[in-house]
Amino acid sequence: MNFFSLFFPIIIYGILFGLNYALISIGFTLVFGVSKILNLSYGALYMTTAYMIYYFAVMNNLPLVISIIFSIILTIAIGLGIFYTILKFTINPMIFMVTMLLFALLLQYIYSYLFGGQVGLIIPSLFSNISISIFGVSVNLSLLSSSIISVFLLFIVSFWIYKTSFGRKIRATAEDPEIAELIGINTKQIILIVLSVSILLVSIASILLVPMQEVTPTMWVDPFVIAFAVSIIGGLGKFEWAIPAAFIVSFAEVISQYLIPYNVSDIVAFIIVILFIIIFPNGIGGAKVESWIS
Amino acid sequence: MNLGYLKSKGFILSLLIILITVILSFVINSPYLTLSFLISDIFIIMAVGWDFSSGTTNYINFGISFFFGIGALFTGFFYYSFHLTIPLLITQAFLISSFSGFLITIVTLKVRGVFFTLLSLLLPLIGTDFILAFWTVLKMPTIGYYGLPSLSNSLQISLIYISIFLIVIITLIYALYSGHIGLILKGIGDDEEAMNAQGINTFWYKVLIFSISMGIVGIAGSLYAFSTSFAGIDTFGLEFLLFPMIIAIFGGKGKILGSIPAGYIIIILSQYLQLYVGQLTLISFAAFAIILFLFFPKGISRWFS
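Residues numbered from 1 in each chain as written. Chains lettered and ligands numbered in written order. Predicted model: local features only at pLDDT ≥ 70, side-chain atom pairs only at ≥ 80, totals over all residues. Heavy atoms only, no water.

Colleague: Looking at this structure, how should I read the overall build of chain B?
Modeller: A count of helices and strands for chain B gives 12 helices and 2 strands. The linear arrangement of helices and strands in chain B, starting from the amino end, is α-α-α-α-α-β-α-α-α-β-α-α-α-α. Seen along its three principal axes, the alpha-carbon backbone of chain B occupies a region of about 55 × 50 × 40 Å. A burial count over chain B gives 60% of its 305 residues as buried. Taking contacts inside chain B between residues at least 6 apart in sequence as the whole, the part at least 24 apart equals 81%. Accessible surface computed for chain B: about 12,000 Å², of which carbon and sulfur atoms make up 71%. When the 11 basic and 9 acidic side-chain charges of chain B are each reduced to a single mean position, those positions are 8 Å apart. (Helix = DSSP H or I, 4+ residues; strand = E, 2+ residues; numbered from the N terminus. Buried < 20%, exposed > 50% of the residue type's maximum accessible area, 1.4 Å probe, protein only. Contact = heavy atoms within 4.5 Å. Areas by Shrake-Rupley, 256 points an atom, 1.4 Å probe, with all protein chains shown as cover. Lys, Arg positive; Asp, Glu negative; His and termini not counted. Charge placed at Lys NZ, Arg CZ, Asp CG, Glu CD.)

Colleague: I keep staring at the overall build of chain A and nothing clicks. Help me out?
Modeller: The number of helices and strands found in chain A is 11 helices and 2 strands. Taken from N to C terminus, the helices and strands of chain A fall in the order α-α-α-α-β-β-α-α-α-α-α-α-α. Against the compact-globule benchmark of 19 Å for 294 residues, chain A has a radius of gyration of 19 Å, which places it among compact chains. Overall, chain A is about 60 × 45 × 35 Å in size when its C-alpha atoms are taken along their principal axes. Sequence separation of at least 24 residues holds for 74% of the intrachain contacts in chain A that already meet a minimum separation of 6. Just so you have it, chain A exposes about 12,500 Å², and 69% of that area is on carbon and sulfur atoms. (Rg over C-alpha atoms; globule rule 2.2 N^0.38 Å.)

Colleague: Whenever I open this one, the packing of aromatic side chains confuses me. Can you help?
Modeller: Residue and element names in this part refer to chain A. As enumerated under the stated definition, the model contains 44 aromatic pairs over all chains in all. Look at Tyr 111 and Phe 115: their rings are 6.3 Å apart centre to centre, the planes differ by 55°, and that puts the pair in the tilted class. You can see Tyr 111 and its partner Phe 115 sitting in helix H4 (residues 93–115), 4 residues apart, about one turn around the helix. The exposure class assigned to Tyr 111 is buried, which follows from its relative accessible area of 4%. Residue classification places Phe 115 among the buried residues on the basis of a relative accessible area of 18%. (Phe/Tyr/Trp six-rings, centres within 6.5 Å; stacked < 30°, edge-to-face > 60°.)

Colleague: Teacher, can you tell me more about a nonpolar patch on the surface here?
Modeller: A cluster of nonpolar residues, Leu 13, Leu 16, Leu 19, Ile 20, Ile 23, Leu 24, Val 27 and Ile 28 of chain B, forms a patch on the protein surface that exposes about 700 Å² of accessible area. Note on placement: Ile 23 of chain B falls in helix H1 (residues 9–28). (Patch = residues over 30% accessible without salt bridge, like charges linked within 9 Å, V, L, I, M, F, W, Y side chains within 5 Å. Salt bridge = Lys/Arg side-chain N within 4 Å of Asp/Glu carboxyl O.)

Colleague: Help me understand the pattern of salt bridges in this model?
Modeller: Pairs can form between side chains of opposite charge once their charged atoms are near each other. Residue and element names in this part refer to chain B. Using the criterion set out here, one finds 1 salt bridge over all chains in the structure. Glu 192 is the salt-bridge partner of Lys 206, the closest N and O atoms lying 2.8 Å from each other. Within this pair, whereas Lys 206 is found in helix H8 (residues 202–228), its partner Glu 192 is found in helix H7 (residues 180–197), the two being separated by 14 residues in sequence. Here the two residues Lys 206 and Glu 192 agree in accessibility, since each one is buried.

Colleague: I tried to follow the nonpolar core on my own but got confused; where do I start?
Modeller: Looking at soluble globular proteins, one finds that nonpolar side chains tend to be buried together. Core analysis: the biggest nonpolar cluster contains 212 residues, and Leu 38 of chain A together with Leu 121 of chain B have the highest contact counts within it. Here Leu 38 of chain A is in contact with Phe 28, Phe 32, Met 97, Met 100 and Leu 236 of chain A together with Val 114, Phe 115 and Leu 118 of chain B, once residues within four sequence places are set aside. Grouped together as the second largest cluster of nonpolar side chains are 10 residues, Leu 6, Tyr 13, Val 137 and Val 139 of chain A included. (Core = buried A, V, L, I, M, F, W, Y, C linked by side-chain atoms within 4.5 Å.)

Colleague: Got a minute to help me understand the environment of Tyr 55 of chain A in this structure?
Modeller: All names here are of chain A. Among the secondary structure elements, Tyr 55 is positioned in helix H2 (residues 42–59). Expressed as a C-alpha distance, the spacing of Tyr 55 and Ser 67, which sit 12 residues apart in the sequence, is 8.4 Å. Apart from residues no more than four positions distant in its own chain, Tyr 55 is found in contact with Asn 60 and Phe 115.

Colleague: Any chance you could explain the interface of chain A and chain B here in plain terms?
Modeller: For interface size, the figure often reported is the accessible area lost on association. Listed by partner, the interface residues are 41 residues for chain A and 41 residues for chain B. If you look at where chain A meets chain B, you find 0 salt bridges. At the boundary of chain A with chain B, the tally comes to 1 residue pair in polar contact (both at pLDDT 80 or more). If you list the elements that add at least two residues to the side of chain A that touches chain B, you get helix H3 (64–89), H4, helix H9 (221–234) and helix H11 (265–279) of chain A. Of the residues forming the side of chain A that touches chain B, the biggest block, 15 residues, is contributed by H4 of chain A. Of the residues that constitute the side of chain A that touches chain B, the class distribution is 34 nonpolar, 6 polar and 1 charged. (Polar contact = N/O pair within 3.5 Å; in protein donor to acceptor, adjacent residues only side chain to side chain. Nonpolar A, V, L, I, M, F, W, Y, C, P; charged D, E, K, R; others polar.)

Colleague: Would you mind showing me how to read the side chain of Thr 34 of chain B here?
Modeller: All names here are of chain B. By secondary structure assignment, the location of Thr 34 is in helix H2 (residues 31–57). Within the structure, Thr 34 has its side chain in polar contact with the backbone oxygen of Ser 30 (distance 2.9 Å). Setting aside residues up to four positions removed in sequence, Thr 34 forms contacts with Ser 25, Leu 155, Gln 156 and Leu 159.

Colleague: Sorry if this is basic, but what is going on with unusual backbone geometry here?
Modeller: Among all residues except glycine, the phi angle is most often negative; among peptide bonds, the trans geometry is most common. Even without being glycine, Phe 135 of chain A reaches a positive phi, approximately 50°. Within the secondary structure, Phe 135 of chain A is located in the loop between strand E1 (131–134) and strand E2 (137–140). Backbone geometry places Ser 229 of chain B, a non-glycine residue, at a positive phi of 60°. Relative to the helices and strands, Ser 229 of chain B is located in the loop between H8 and strand E2 (230–231). On the accessibility criterion, Ser 229 of chain B (24% relative accessible area) is partly exposed.

Colleague: Where do I start with the packing of helix H3 (residues 64–82) of chain B against H8 of chain B in this structure?
Modeller: To describe two helices that pack against each other, one gives the angle between their axes and the distance between the axes. Residue and element names in this part refer to chain B. H8 packs onto H3 with a crossing angle of 50° between their chain directions and a minimal axis gap of 7 Å. One element, H3, and the other, H8, form an angle in the oblique class. The hand of the H3/H8 crossing is right-handed. Across the interface between the two elements, Ile 64, Phe 67, Phe 68, Gly 71, Ala 72 and Thr 75 from H3 touch Met 214, Val 217, Gly 218, Ala 220, Gly 221, Ser 222, Tyr 224, Ala 225 and Phe 226 from H8. (Axes fitted to C-alpha atoms, helices over the stretch in contact; angles between N-to-C directions. Parallel < 35°, antiparallel > 145°, perpendicular 65-115°, else oblique. Left-handed = near helix turned anticlockwise from the far one by under 90°.)

Colleague: What am I meant to see in the pairing of E2 of chain A here?
Modeller: Each regular strand shows side chains that alternate between the opposite faces of the sheet. Residue and element names in this part refer to chain A. Residues of E2 alternate between two faces, with Val 137 and Val 139 buried on one and Ser 138 and Asn 140 left unburied on the opposite face. As paired elements, E1 and E2 share 4 bridges and run antiparallel to each other. Note that in E2 the partner of Ile 134 across the bridge is Val 137. Between E1 and E2, which pair antiparallel and follow one another directly, the connecting turn spans 2 residues, one of which, Phe 135, has a positive phi of 50°. (Pairing = 2+ DSSP bridges.)

Colleague: Hey, could you run me through the packing of H1 of chain B against helix H10 (residues 256–277) of chain B in this one?
Modeller: All names here are of chain B. Between H1 and H10, the least distance of the axes is 9 Å, while the angle of their chain directions is 20°. When the interaxial angle is binned, H1 and H10 end up roughly parallel. Between H1 and H10 lies a crossing of left-handed hand. Listed contacts from H10 to Gly 10, Leu 13, Ser 14, Ile 17, Ile 18 and Thr 21 of H1 are Leu 257, Ile 260, Pro 261 and Tyr 264. Within the contact of H1 with H10, the residues separate by chemical class into 7 nonpolar, 3 polar and no charged.

Structure representation (structure tokens):
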């Protein structure tokens, strides 16, 4: 194995995974940007969509498109339900965060109880599972299709944030919620809409990516670790830097997969986060983090 | 050294409760009850170990199940690879968990508040991958280690040993609380900036406290491995964060006295629920933890005070 035999696989998989990681993470950083709350149930919502599709499409034989629509609606309802239930009782960020994590665990145990925890389940894909060759590298058509859809969705989200008047309100809320409130922006409404969009995006990521893996009650961990790593590397709340940060994570993981013959992708993400905290605590986007770095 | 804590109401009551569990295990002579007490003691060790660092400093560390797993797994590793005796195995669990805690906190303590908590949470989440990769490199059984020795052939004698461990750890924590470190801990929890302004370098105190704390959690992991005769990747599971956290919070932040009755109530309840409703136990405890966090964050300690 030499450098050139690895060059194309690393570039192609780095780009494809990077696009998907950006799709997984953008909602997480958006919500943090406007609400300063880290949505720890984020990964669990990714898992919820997958289990809902299994329930509707596999267990009840509903058409896949109908199952997807039902799953997205239910995931958004569950995600908003969790967020606003906690908000009703507390605004303490620590209690908020821990309770969100507990909801993620609760969902894990519920799915494990309802669907069985030992065997991974398979859900149908919108795309064919065949592989095609790009520069001599075998690429699964589902992965390629999900990456193309990710580009499209990332473009729409960027347009929404940077080119529309509502996007300007989102950026104002992220910059300074108090000033935004003073100039007449309904920040509560902004948070509700951004939260709904973030859940929609993570649901779509689940629909695109989960058919390439198995549905298990602990599957929420990987998307959560990726989203967290991307948000730290990009700079907390700096959603415009989520895309380059996603590529840093994906390339590091793909390179490690070719060099180390074990599944160490989560460890690589964790190590990059640690390195960034030591060397670039503000992330590549230069987040204002004086309050959390000692 | 100030030994006044040995006469404090909280300390004496803690010892009394532990003693009652040992007496009950002999009087009732039910293996299931004795095992429940034994598991409770292990979770209480975890809870007080966690509370010692996180409850007082306000640096909430979610990484405890990682150090619990390290304590358990390395007990299996050293038992099968080097045939160490039980006291040495428990000592290595403390040392390896403390050292891992030291290495990790030296980096993660650079961040504060929710970000420290989040970073610590990643530890158990990546723990399984970490151990699988590390163990494969060492050519060790990734499934875990079966057939570990028990502390004693009699379950009741094992309970006595573990109760002694619990008492020693509580005494150690009380001693630390009532000395110089206790003052620093309270200072960090109240106003860390003010401590730094007085010229006290809180960073190294935090590293020391977290290293000791994670070492205690590692001991709990090792004792758990002896009690269940198994040390595997399961010990990295978030259940081993959920239960100590419920115990410590139900018992009251920074209150050892509260953790002891809370530990026995919660673990015995969970053991018996497991017997009758199986997997619904975890669902009910996660739901219970949510209610606890939203309605009773101060825990039951205020009922004792």
